[in-house]
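# Geometric and topological summary
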Amino acid sequence: MLNQRLLALLTVFSSKGLEFEQVVAFGRDYDFENEERLNAHYVAVTRAKEKMIIQLSIQIN
C-alpha cells in the first residue's frame, strides 16, 4: 500500500469532534476576554494528537 499524506483545511468550528496527528493553527485575533473565541482556540489546540503548531500575527501600533 502506498504511504499517503492528506491535507485537511478546516475551520475551527467544523473540526470540532475530530482529531489529527498534526495541527497547524493560524490566527491574528487572540482576545481571551471573549468566551466564544477562547472556546474556539481551545477546540483548535485539542485537535492535535501529536504535534501542534500555532502561528501568531500581531499588529504593532
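As annotated in an unreviewed UniProt entry, the chain carries the name UvrD-like helicase C-terminal domain-containing protein and is attributed to Lysinibacillus varians.

### Section: the pattern of salt bridges
Tallying each qualifying case throughout the model produces one salt bridge. In this structure, the salt-bridge partner of Lys 49 is Glu 21, at a minimum N-O distance of 3.7 Å. Remark: Glu 21 occurs in strand β1 (residues 20-27) and Lys 49 occurs in strand β2 (residues 48-56); sequence separation between them is 28 residues. Given a relative accessible area of 48%, Lys 49 falls into the partly exposed group.

### Considerations on a nonpolar patch on the surface
On the surface, Val 24, Phe 26 and Ile 53 cluster together into a nonpolar patch covering about 310 Å² of accessible area. Mapped onto the elements, Val 24 comes out in strand β1. Judged by relative accessible area, which is 46%, Val 24 ranks as partly exposed.

What counts, and at which threshold
- Residues numbered from 1 in each chain as written.
- Predicted model: local features only at pLDDT ≥ 70, side-chain atom pairs only at ≥ 80, totals over all residues.
- Heavy atoms only, no water.
- Salt bridge = Lys/Arg side-chain N within 4 Å of Asp/Glu carboxyl O.
- Helix = DSSP H or I, 4+ residues; strand = E, 2+ residues; numbered from the N terminus.
- Buried < 20%, exposed > 50% of the residue type's maximum accessible area, 1.4 Å probe, protein only.
- Patch = residues over 30% accessible without salt bridge, like charges linked within 9 Å, V, L, I, M, F, W, Y side chains within 5 Å.
- Areas by Shrake-Rupley, 256 points an atom, 1.4 Å probe, with all protein chains shown as cover.

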